[in-house]
Structures are given as C-alpha cells and as structure tokens.
Amino acid sequence: MNCLKANHQAQECRSIHCRKCPKKHHTLLHSDSQRSASSISPQPSTSVALHAHTLTQVVLSTVKISIEDRQGQRHICRALIDPGAQSHFITEKFVEKLQLVKRKTSIPVTGLNQVPTNIRHVIDTRINSIDNEYNRKLTFLIIPEITQQLPCQPIDAARLDLPENLPLADPAFHIPAKIDALLGMEIFYDLLRNGQVKIGRHGAILQNSQLGWLIGGRALAESYTQGSHCYLNTTSLHKQMAQFWEIEEGPEATRHSPEEAACVKHFHENIERDHTGRFVVRLPFNQNINNLGESHQNARRRSYALEKELQLNPEMKEHYISFMQEYITLQHLELISKTARSREGYYLPHHPVIKEDSSTTKVRVVFDRSARTTSGLSLNDMLMSGPTVQDDVFTLLVRYRSFPVVLSADVEKMFRQIWIHPEDRTYQRILWREKPEDELKTCVLKTVSYRLKPSPYYAVGVLRTLAKQYESKFPRAAAATLRDFYMDDLLSGADTHEEAALLRHELIQLVKEGGFYLR
C-alpha cells in the first residue's frame, strides 16, 4: 500500500510515507476522512430544496374524510387534493391501520424533475364524506410517504376573516399535520360544487365541494417560513446498485394474507362434484354476512331503469334478451317458484356492457355484485378473496417462446362451468322479464361468474384440482394445466409436432372431465 511493491507490509516499507498525511500508504491512495467514510458506507437518498423566506405561504387544499377498513369500520383520514395527479395515493402506515388486502402491481410513477418511483401495491377502498352521504370507491397506490406536514408553518387563521356559517373540509387546515392520502384528478371535478368566496388580502379562496369548503391560496404565516419549495431528489450510487440487484433477483416468495389463507382453506374443505362431474363450490363468506341489508328495492328500481334504457335502443335490447336467453338455455339461470320468493338473500342489479370489437358477444350482461344494500354492504363486501397462484404473464410468455411447437387455447365460459352450491344461490338472485307488460320474475344464478370477488381464485383452483385428480391418467395435460395457464388462457408447447398433438388430445380430455371446453 505504501510503495505498491509486493512481498512486504506497509509497516515494514522503507519508502517515504504519504505526502499528504503521515500515514503509511501511497499518496495516490490518499483520501480525506470524510471521503473515505462516504466511500465505504451507504448513503440514503437525499432531498434538497430551494427556499424563500416570507411571511406568506401558499395553502394547499386538504380535507378530512373517512375510509373504510376491511371490517367496514370508518377511520378519519387527512387527504391532500391535487388536480395535477393522475392517480390517488395513500401511505403505508395508514394502510396498516386499515388492514386492507393489498394487490401486487408494478406501476412506475414520475414526479417533479422526472424522478421515478415504482409502486408495488395498490388497495381498493371507499372514501366517505364526514358531513353528508357522498362516497366513492377508489383505487389507491401505496407509497411510504406523500409529503411533509402541511401547512409547513402554522397559518394565522384569525386574519383570514373566515365566514362562520361555512363548514370547512378541513377545520384544522391552519395547523401543521401529517397527510395520509392524496386525491388526484380522477375525482377532482366530481368534488367541486357551485360556490366560491375570496377571503383575506392575499388571494386565499374558499371553494365549495362535496366534502365541505376547500381553502387554498396565499395566507399569512405566524412567523417567517420557508414558504416556497422546489424539491430535487438525488439518489446515491449505493441505492442505485441495490435497486439493480433487486431487479436481477427472482420474485419474492408468495405469502398469503390471513383472508387469502382462509379462502383457500374454505375452498378445499367445501369443493365437491355432482353426478355429471361438474365442480360445486360454496361462497367464502366473511364476518360481514351477519350485517347484510335489504337489496330487493334497489334491484327493482334499477330493473325499471334498465327497461327504459333498452326501450330506447332496440338493437341493444335484442342482444340483451339473447344473452339472458342463453343463460336460461344453458341452465345457468333458474326461475324460482313463488313460494320460494322473498326479499331475503341478495338481489343483483344488472346492466349491459358494450364490446364493439368482440366477434362473438357485442353486449355482455354484468351482474353488479358491488351494489350496496341498506346496511351499506354489498355481496363482494361479504366475501373473501383468494390469492394469485398462477405464474405471472411475463414468466408464461417467456416459457411459451422457448418451445419449437406451441399451443394456445381458451377455456370457454370458464367461470360459468362451475356450480354454486344450491344453499348459496339465494345470494345470487336477479329480477328479469323480457317485456314491461310481463311479471317481474325472480331468478337465481347457479354458477360462478365474473366480478364475483373469489371467482378468479375459484376458477384457477378448480382447474388445478382437476389436474391433480387426473395426473396419472393425463400426465402431460396435468403438467401444462398446473404450469402454463394464465386464468382461462393456455400458453404451452412441446419439442415436436407429435408431442404437441398428444398434449392437445390430453388437454381436451382432461378439461372435459370437469365439464370445461377448450377452443
């Protein structure tokens, strides 16, 4: 280290020491203590800001809302309104408080100075106004922290001459406090209502909204403050290297949430097969089932509204009736007798979804399992969701491209080939009639279908159960079913045309055992 020659240690070297310090190392290897420390210890990301000292600051609009946790209980949340954001955000700490189920995702979000952040989890929940009936179901991206406390310094609210009769969206807007969530542009214009009042001498404004009166603009601070902030985020080399190796690592081990684990257990304990070989499953209810409200009146009201809509569009009406007739023909929909009719259970409103690019079904009927009952809960609120057990689509596509001969298939009407247990069908009631002059009939859906909370896991779980039951009889098809399915789409292959033909034959026979059909 001293003379850079071999076969001896620095303390034995007779050459002169470093010219910049008295230590025994070569001058070219010298570095001051501060630089040495920074070169061997990792530095966290740092944020710097440009400041302007002033007695005024810009007040950003904040609101107090309530957000529902997994039990439907409401928690007060302080949110920032940002019409410049394309998404909604919520802090990790607040999500832990709500104990909501997080969904995995990978969404790059870019902010000021094109600094990227990768979002790994999202949640779906409902926000509610504290003072009125306004509510919206939103998807939030989860991030560690949204911003510092707002406002940066206490505001002198007494100098704003606020009207006494206007309920503020955030009564404590002038006191610095943490921000739990951020509401973006998607909801911004929906929140605004008629009414705007200019207050104070510096340009502060009160704007009426669904959540109360928002306040924003310039206001007096109680002391000199660093009022203008222009953030620049710089990431250390250590963090960049850590991120690089994280990308190169494989996916994390799958961990099921308590709800997902309970759903898996319920599925395996209750799955059975009828005399035709079709699988029969039970709905995985959670503790909210005891709080189910009345749903018949809402379903009836929406049924009348649907009839008016279809009367104005004869072509859509024809497609709608055809879709419902197919349900009846396939015995997926069953009329229940008058003696069995009651307002108990759960009634599903339904409406059309138009798919102009579809070559088969232009109009699809969607059964609204998120329609709320008089208790504020929907069918999906009463059900548990299962985990994701299939490989991600990227892994499947890479594996698919590795085969010389490939197979692609789709399970026809996958969800609807699985029966719901007769005792649970009372929670899948609908009201239907083809003509307004006919009696409004009560029917029940007999199958699993899309937009039911546990449907994705149940469909995959049934396929995997089928594969394991017939693994010895159809080994090729069983392996492909367990490995190469992405929901109802198969992406598989073989090394030769002969093996591909055998795989194709086995797959058709395997899925037929469970009442499924490949196309």
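Chains are numbered independently. Their residues run from 1 in the order of the written sequence. Reporting in this predicted model follows two pLDDT cut-offs: at least 70 for local features of residues, and 80 or more for side-chain atom pairs to be given and counted; totals over whole chains, interfaces and linings ignore these cut-offs and use all residues. Side-chain measures were taken over the full set of non-hydrogen atoms in the model, leaving aside hydrogen atoms and water.

(A) Inspection of the sheet that holds strand S16 (residues 333–335) at higher detail. Only strands joined by at least two bridges in the DSSP assignment are considered to pair. Secondary structure elements follow DSSP: runs of H or I of four or more residues count as helices, runs of E of two or more count as strands, with numbering from the N terminus. The strand order across the open sheet formed by three strands is S16-S22-S21, and the pairing between neighbours is antiparallel. One side of each edge strand has no neighbouring strand; the edge strands of this open sheet are S16 and strand S21 (429–432). The sheet shows a mean angle of 40° between the axes of neighbouring strands, direction not considered. By definition in these notes, contact holds between two residues if any of their heavy atoms fall within 4.5 Å. Interaxial angle, 0 to 180 degrees, is taken between N-to-C directions of lines fitted to C-alpha atoms, where a helix line uses only the stretch in contact. Relative to the sheet, helix H7 (residues 314–329) contacts S16, S21 and strand S22 (441–445), its axis offset from that of S21 by approximately 135°.

(B) Fine view of a nonpolar patch on the surface. Patch membership requires more than 30% relative accessible area and the absence of a salt bridge. Residues of like charge join within 9 Å; the nonpolar side chains Val, Leu, Ile, Met, Phe, Trp and Tyr join within 5 Å. Only the protein chains shown count as cover for residues, and the accessible areas themselves come from Shrake-Rupley with a 1.4 Å probe. Note on definitions: salt bridges are taken to be side-chain nitrogens of Lys or Arg within 4 Å of carboxyl oxygens of Asp or Glu. On the surface, Val-393, Phe-394, Leu-397, Val-398 and Tyr-486 cluster together to form a nonpolar patch covering roughly 460 Å² of accessible area. Position of Tyr-486 among the secondary structure elements: in strand S23 (residues 485–486).

(C) How the structure looks around the packing of helix H6 (residues 296–311) against H7. Where H6 contacts H7, the axes come no closer than 7 Å and their chain directions differ by 125°. Here H6 lies oblique to H7, going by the angle between them. Here Leu-306, Glu-309, Leu-310 and Gln-311 of H6 come into contact with H7, specifically with Pro-314, Met-316, Lys-317 and Tyr-320. Three classes are used, and their members are as follows: Ala, Val, Leu, Ile, Met, Phe, Trp, Tyr, Cys and Pro are nonpolar, Asp, Glu, Lys and Arg are charged, and the others, Gly among them, are polar. Each residue belonging to the contact of H6 with H7 can be placed in one class, and the counts come to five nonpolar, one polar and two charged. Reported orientations rely on four angle classes, namely roughly parallel under 35 degrees, roughly antiparallel over 145, roughly perpendicular from 65 to 115, and oblique for the rest.

(D) Local environment of empty space enclosed by the protein. Points on a 1 Å grid over protein atoms alone make up a cavity when a 1.4 Å probe fits among them but cannot get out, and a pocket when they form an open set with protein on both sides within 12 Å along at least five of seven lines; lining residues each have an atom within 4 Å of a point. Grid points are joined across faces, edges and corners, and a volume is the space filled by probe spheres set on the points. Overall, the coordinates contain three cavities of 30 Å³ or more when judged by the stated rule. In this model, the largest cavity occupies a volume close to 100 Å³. Forming the boundary of the largest cavity are 13 residues, of which Glu-307, Leu-310, Trp-432, Arg-433 and Glu-434 lie nearest the centre. Mapped onto the lining of the largest cavity, the elements with two or more residues apiece are H6 and S21. If you tally residues by element for the lining of the largest cavity, the top one is H6, at five residues. A class-by-class count of the residues in the lining of the largest cavity yields six nonpolar, three polar and four charged.

(E) Spatial organisation of the pairing of strand S5 (residues 88–91). The alternating pattern of S5 places His-88 and Ile-90 on one face and Phe-89 and Thr-91 on the opposite face, and all of these are buried. Taken together, the four bridges between S5 and strand S8 (residues 135–143) define a ladder with parallel strand orientation. Each bridged residue has a counterpart across the sheet, and for Phe-89 the counterpart in S8 is Leu-141. With two bridges connecting them, S5 and strand S9 (residues 181–183) associate as antiparallel partners. Residue Ile-90 lies in a different strand from S9, and its bridge partner there is Ala-181. For every residue, the accessible area (1.4 Å probe, protein chains only) is compared with the maximum for its type, and the residue is labelled buried under 20%, exposed over 50%, or partly exposed between those bounds.

(F) Broad picture of the environment of Val-462. Along the chain, Val-462 falls in helix H9 (residues 455–469). Looking at Val-462, the relative accessible area reads 0%, which means it is buried. Through-space distance from the C-alpha of Val-462 to that of Val-280 is 9.3 Å; in sequence the pair is 182 residues apart. Those residues in contact with Val-462, other than ones at most four positions away along the chain, are Phe-267, Ile-271, Phe-279, Val-281, Ile-418 and Phe-516.

(G) Broad picture of the confidence of the model for the protein chain. Values of pLDDT, which run from 0 to 100, indicate the predictor's confidence residue by residue. Of the residues in the protein chain, 85% reach a pLDDT of 70 or more, and the chain-wide mean stands at 83. Within the protein chain, the element-level pLDDT minimum falls on helix H1 (residues 33–40), averaging 38, and the maximum on strand S15 (residues 279–281), averaging 96. Across residues 33–54 the pLDDT falls below 50, and counting only partners more than four positions away or on other chains, this stretch makes 36 contacts in the model. Low confidence marks residues 223–235, where pLDDT is under 50. Its contacts with residues over four positions away, or in another chain, come to 44 contacts.

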